[in-house]
Amino acid sequence: MADRKIEDYQDIINLPHHVSVTRPHMSMCDRAAQFFPFAALTGYDTAVKENSTAD
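What counts and what doesn't
Residues numbered from 1 in each chain as written. Predicted model: local features only at pLDDT ≥ 70, side-chain atom pairs only at ≥ 80, totals over all residues. Heavy atoms only, no water. Helix = DSSP H or I, 4+ residues; strand = E, 2+ residues; numbered from the N terminus. Buried < 20%, exposed > 50% of the residue type's maximum accessible area, 1.4 Å probe, protein only. Areas by Shrake-Rupley, 256 points an atom, 1.4 Å probe, with all protein chains shown as cover. Patch = residues over 30% accessible without salt bridge, like charges linked within 9 Å, V, L, I, M, F, W, Y side chains within 5 Å. Salt bridge = Lys/Arg side-chain N within 4 Å of Asp/Glu carboxyl O.

## Re the overall build of the protein chain
Of the regular secondary structure elements, the protein chain holds two helices and zero strands. The 55 residues of the protein chain split such that 0% are buried. Carbon and sulfur atoms provide 59% of the accessible area of the protein chain, an area that totals close to 6,000 Å².

Following this line, the structure appears as structure tokens:
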């Protein structure tokens, strides 16, 4: 893939962000849940819970 520069996107860089009129905005929690299966730190949640209850 060729190196990209900001100049390559000057025609679209200032366009407004698209907001759907037919679909509701997804919450941050729901959006994060979409990517949960790809979490890099498998077992991290369990370790945090174990350590936070060890007090």
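## Describing a nonpolar patch on the surface
Nonpolar side chains collect at one region of the surface, where I6, Y9, I12, I13 and L15 lie side by side and expose about 460 Å² of accessible area between them. Positionally, I6 belongs in the segment before α1 (28-35).

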